[in-house]
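# Descriptive analysis of the structure
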Amino acid sequence: MLTPLETVKKKRAEAINRIVGKGYLSTKRVYVGMATCEIAAGSKDVMEVFQTAIKNGLTDVYLSQKGCAGRCNLEPTVEVIEEGLVPVKYGRVTRDMAHQIIERHLKKGEIIEEWVIR
Amino acid sequence: MSRKYSITICDGPTCLHKKSKELESAIEQCLKEHALTDKVRINLSGCLGMCGKGPILIVKPGYTIYGSVTLGDVAEIIEKHIIKKKPVARLAIEEDHLYNRFFRIFGDVNFFGKQLRIVLRNCGIIDPESIDDYLSVRGYEALAYVLTQMKPLDVVEEVKKSGLRGRGGAGFPTGIKWQLTAREKNSEKFVICNADEGDPGAFMDRSTIEGDPHSVIEGMCVGGYAVGAQKGFIYIRAEYPLAIKRLEKAIADAKAEGFLGDKIMGSDFSFDIEIRLGAGAFVCGEETALIHSIEGHRGMPRPRPPYPSVQGVFNKPTLINNVETWANIPVIILDGAEWFKSIGTEKSKGTKVFALAGKIKNTGLIEVPMGITLRSIIYDIGGGIPNNKKFKALQTGGPSGGCLSEEYLDTKIDYESLAKVGSIMGSGGMIVLDEDTCMVNIAKFFLEFTENESCGKCAPCREGTKRMLEILTRITEGKGEEGDINKLQRLGKLIQKASLCGLGQSAPNPVLSTLKNFRSEYEEHIKEKKCRAKVCSTLLGYEISEKCIGCTACKKVCPTGAIAGIQKSLHVIDQSKCIRCGACFEACKFNAIKRI
């Protein structure tokens, strides 16, 4: 029988496989903040824009929610992470901005500098 | 600007000592020589928690950590890693610790750079509703580790050794609490997670649970194993619906994966967790009141001893810790008590989460190592006071804490030093006040809160806070009397000494600390009937200046007909008729009415 430590390591390997199966290795990973504070600031709208885009055929993107990272005055926040590049963090994202992030950043690889959190 | 690369230099005290400043200028110089200044961003970070291997550099992308970097290594790192894209294996250190995971994503932002994240390690990094995400960041490994390798008493010893203290506010050594519960001989014991967060302006616990619910559950399981409990309760306010939803999902997922329930991961240890909802009474954050509430009684405190560790919920030995305390536990187990002990000050180890709010540029949730100065939090992380206003005071600890003036800003954060200057660490609310804040009014605001929330069981708290509030109200209305300050002080000290529980014992703190640090403002209110921050409306007068164009808007809204003047000519306020309601001030569109 496996020890608890062996069990948890096995479970971790399975979990990582499942995450990869969901497309974690896509070119770009998008994280939308979805804690109470972010939702109050309007992150549900932003999340919906990304979800709709994926439903309508946006590919090679792994979309996930995350908890509050702590930037209350800049919420809702969206992170775009691409292997090999410094992660990009957008603040005060609106529905409109989310559309532009999809068109300009996710599709064309342009970082929209004026919205980036520093 | 291309954002392809960033180099982060650890600016913590140990690394500074090991010449990290010289490294910074050497890197700048070297980047200049290779004409890379535009392509590589240099960041400074607060202590990264790797002091033993300092000075530390982190190069992104790739997130390569270089340790013990000397001036001679700089050229090699830049030429090999940045130009040839081959990390320098000789200097790279492998780290698989739990803390500071956020650094990979947020480490290049100043706001995050000064932080050290242990409790919030996964907040904003993983999907809180996915147990797979938690497992992938070594989730439940601490629980598996103690079940495989450690006896319950070893776990208690490890927590004791770490120097962790209760993060709910009082700072009682967590390990001692565990030991006291563990040594009770009783076949039935309980653990409780106190998530009854009630301070105005505080949201640390909510964010922790919403961002990483599994870490709290895992901490509780380890605690249950250590003290020999079979069941845990999470007491959380019903007003946190999302946190409750995520906890429920996390508990269900953990059960399905076998991390909760009977014979966890094939061991002999069985443990289950139940959520209990609180109705939002502030007093239920007090442990004995919380226990009463869980038992189904009215939330009222009782005298201690017996302490909950001997006689807690349903009269069984009970271990009760705060959300933040529980979330620290998996890190202490996996990264080790020795490491944890190396962070912080002599008597306060580890980090503290604060909810930064009020008159500050970057409001938000932060986690900093103990020993950082208040000034560093406000100016380095918080970005200072907006609109060029002047800093006036820092309120820590919510309604149980106090207000600190500018002279205390270099105080290093730990339980003792904050208590020494008249405030408390508290659960982590931190409100910045600027010159537009009236200190008497702020003391009144917090006292209104505690007076309201007093459960009424003991007279000093029930009657005392009411009387204090009456005096404060009188002062802010311009009816303050000679001797009121002495009365407030005497009453405050009495309430502190004679109240039954922490609510009453700490309720006078906001008043006493503002009396100590801002006494002149009280005196002005009482003697000169003046509020320098122009907040207490009944102490203000209004005057119409030359800017008045005679639009008559103010005259129309004045309820007492105190304003005279004809159209298109300067209006005048008859001060004897003015009741200082401020309606004219609100109505004027030309900024012609001034507060005096």
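Residues numbered from 1 in each chain as written. Chains lettered and ligands numbered in written order. Predicted model: local features only at pLDDT ≥ 70, side-chain atom pairs only at ≥ 80, totals over all residues. Heavy atoms only, no water.

### Quick word on the overall build of chain B
A tally of regular secondary structure across chain B gives 25 helices and 17 strands. Rg of the C-alpha trace for chain B: 28 Å, near the compact-globule value of 25 Å for 596 residues, within the 12% margin. Principal axes of the C-alpha set define a box for chain B whose edges measure 85 × 70 × 40 Å. Out of the 596 residues in chain B, the part that is buried amounts to 62%. Intrachain contacts of chain B at a sequence separation of at least 6 include 69% that bridge at least 24 residues. When the accessible surface of chain B is summed, it comes to about 23200 Å², and 51% of that surface belongs to carbon and sulfur atoms. (Helix = DSSP H or I, 4+ residues; strand = E, 2+ residues; numbered from the N terminus. Rg over C-alpha atoms; globule rule 2.2 N^0.38 Å. Buried < 20%, exposed > 50% of the residue type's maximum accessible area, 1.4 Å probe, protein only. Contact = heavy atoms within 4.5 Å. Areas by Shrake-Rupley, 256 points an atom, 1.4 Å probe, with all protein chains shown as cover.)

### Digging into the interface of chain A and chain B
Residue-level contacts link 42 residues of chain A with 54 residues of chain B. Buried area between chain A and chain B, summed over both chains or domains, comes out near 3800 Å², and the portion from carbon and sulfur atoms is 58%. The tally of links between chain A and chain B comes to 4 salt bridges. Measuring nitrogen to oxygen at the nearest pair gives 2.7 Å for the salt bridge that ties A:Arg18 to B:Asp132. The interface formed by chain A and chain B includes 15 residue pairs in polar contact (both at pLDDT 80 or more). Counting only elements with at least two residues in the side of chain A that touches chain B, the list comes to helix H1 (4-21), helix H2 (36-41), strand E2 (61-66), strand E3 (78-82) and strand E4 (88-90) of chain A. (Buried area = accessible area lost by both parts, 1.4 Å probe. Salt bridge = Lys/Arg side-chain N within 4 Å of Asp/Glu carboxyl O. Polar contact = N/O pair within 3.5 Å; in protein donor to acceptor, adjacent residues only side chain to side chain.)

### Here's the deal with the pairing of strand E1 (residues 5-10) of chain B
Residue and element names in this part refer to chain B. Summarising burial for E1: 6 of the 6 residues are buried, a large majority. Side chains Tyr5, Ile7 and Ile9 of E1 all project onto a buried face; the interleaved residues Ser6, Thr8 and Cys10 project onto the opposite face, where all are buried too. Sheet topology note: the E1/strand E2 (residues 40-45) ladder contains 6 bridges and is parallel. Residue pairing for E2: threonine 8 is matched across the bridge by asparagine 43. Sheet topology note: the E1/strand E3 (residues 57-60) ladder contains 4 bridges and is antiparallel. Residue pairing across strands places serine 6 opposite lysine 60, the latter belonging to E3. (Pairing = 2+ DSSP bridges.)

### Quick word on the domain arrangement of chain B
In terms of domain boundaries, chain B breaks down into domain 1 (5-110), domain 2 (131-338), domain 3 (351-434), domain 4 (439-528) and domain 5 (540-595). Computed from C-alpha coordinates alone, the two centres of domain 1 of chain B and domain 3 of chain B are separated by 29 Å. (Domains from an automatic or database assignment.)

### Here we look at the packing of aromatic side chains
Under the definition given, this model contains 16 aromatic pairs over all chains. Summarising the aromatic geometry, the rings of A:Tyr90 and A:Trp115 are spaced 6.4 Å apart at their centres and angled 75 degrees between planes, so their arrangement reads as edge-to-face. Here A:Tyr90, found in strand E4, pairs with A:Trp115, found in the segment after helix H4 (95-106); they are 25 residues apart in sequence, far enough to count as distant. The class for A:Tyr90 is buried, based on a relative accessible area of 0%. With centroids separated by 5.0 Å and ring planes inclined at 90 degrees, the aromatic side chains of B:Phe111 and B:Phe112 adopt a geometry described as edge-to-face. In this structure, B:Phe111 and B:Phe112 share a single accessibility class: buried. Counting every residue linked through ring pairs, the aromatic cluster contains B:Tyr99, B:Trp339 and B:Phe340. Directly above the ring of B:Phe259 sits A:Lys11, whose terminal nitrogen or CZ lies 5.9 Å from the centroid. The ring of B:Tyr240 has B:Arg206 lying over it, and the distance from NZ or CZ to the ring centre is 5.9 Å. (Phe/Tyr/Trp six-rings, centres within 6.5 Å; stacked < 30°, edge-to-face > 60°. Lys NZ or Arg CZ within 6 Å of the ring centre and 35° of its normal.)

### Thoughts on the pairing of strand E1 (residues 28-33) of chain A
All names here are of chain A. Of all 6 residues making up E1, 6 are buried, and the element is well covered by its neighbours. Residue alternation in E1 divides its side chains into two sets, Lys28, Val30 and Val32 and Arg29, Tyr31 and Gly33, and both sets are buried. Here E1 pairs with E2 via 6 bridges, running parallel. Pairing of lysine 28 across the sheet is with valine 61, part of E2. Two elements, E1 and E3, share 5 bridges in a ladder whose sense is antiparallel. Looking at E3, one finds that valine 30 is bridged to valine 80.

### Describing the side chain of B:Ser309
Structurally, the position occupied by B:Ser309 is in the loop between helix H13 (287-295) and strand E8 (318-322). In this view, B:Ser309 contacts B:Leu180, B:Thr181, B:Glu184, B:Pro317 and B:Thr318; residues no more than four positions away in its chain are not counted.

### Some thoughts on a nonpolar patch on the surface
All names here are of chain A. A grouping of Ile16, Val20 and Leu25 is seen on the molecular surface, where their side chains present a nonpolar patch of about 260 Å² in accessible area. Residue position: leucine 25 is located in the loop between H1 and E1. By relative accessible area, leucine 25 is classed as exposed at 67%. (Patch = residues over 30% accessible without salt bridge, like charges linked within 9 Å, V, L, I, M, F, W, Y side chains within 5 Å.)

### Examining the pattern of salt bridges
All chains considered together, the criterion is met by 50 salt bridges over all chains. Close ionic contact of B:Arg246 with B:Glu129 constitutes a salt bridge, the shortest N to O distance being 2.9 Å. Of the two residues, B:Arg246 is situated in helix H12 (residues 241-256) and B:Glu129 in the loop between helix H5 (110-113) and helix H6 (131-136); the sequence distance between them amounts to 117 residues. In terms of burial, B:Arg246 and B:Glu129 fall into one category: buried. Salt bridges sharing partners connect three or more residues here, namely A:Lys11, A:Arg18, B:Asp132 and B:Glu257.

### Focus: the environment of B:Ser187
All names here are of chain B. Mapping serine 187 onto the fold places it in the loop between helix H9 (174-182) and strand E5 (190-195). Looking at serine 187, the relative accessible area reads 66%, which means it is exposed. Serine 187 sits 43 residues away from glutamine 230 along the chain, and the two C-alpha atoms are 9.1 Å apart.

### Side note on the sheet that holds strand E9 (residues 351-358) of chain B
All names here are of chain B. Spatially, E10-E9-E13-E11-E12 is the arrangement adopted by the 5 strands of the open sheet, whose pairing is mixed. Here the strands that pair on one side only, and so sit at the sheet edges, are strand E10 (364-369) and strand E12 (402-405). Put simply, the sheet's adjacent strands are angled 30 degrees from each other on average, direction ignored. Across 5 bridges, strand E11 (residues 391-396) lies against strand E13 (residues 429-434) in antiparallel orientation. Bridging from a neighbouring strand, glutamine 395 pairs with isoleucine 431 of E13. Set on the sheet, helix H10 (residues 204-211) makes contact with E9, E10 and E13; between it and E9 the angle comes to about 115 degrees. (Axes fitted to C-alpha atoms, helices over the stretch in contact; angles between N-to-C directions.)

### A few points about the sheet that holds E1(A)
Residue and element names in this part refer to chain A. On the basis of which strands lie adjacent, the open sheet formed by 4 strands has the order E2-E1-E3-E4 and mixed pairing. Both edges of this open sheet fall to E2 and E4, since each of them pairs with a single strand only. If you compare each strand with its neighbour and ignore which way they point, the axes differ by 20 degrees on average.

### Quick word on helix H18 (residues 439-453) of chain B
The terminal C-alpha atoms of H18(B) lie 21 Å apart, and with 15 residues this matches the ideal 21 Å at 1.5 Å per residue to within 8%. Listed as buried for H18(B) are B:Met439, B:Val440, B:Ile442, B:Ala443, B:Lys444, B:Phe446, B:Leu447, B:Phe449, B:Thr450 and B:Glu451. (Expected span 1.5 Å × (residues − 1).)

### Topic: the state of the cysteines
Here a disulfide denotes one covalent bond, and it connects the sulfur atoms of two cysteines. Residue and element names in this part refer to chain B. Tallying each qualifying case throughout the model produces 0 disulfides over all chains. Its sulfur unpaired, cysteine 221 is 12 Å from the next cysteine sulfur, which belongs to cysteine 193. Owing to a relative accessible area of 0%, cysteine 221 belongs among the buried residues under this scheme. (Disulfide = S-S within 2.5 Å.)

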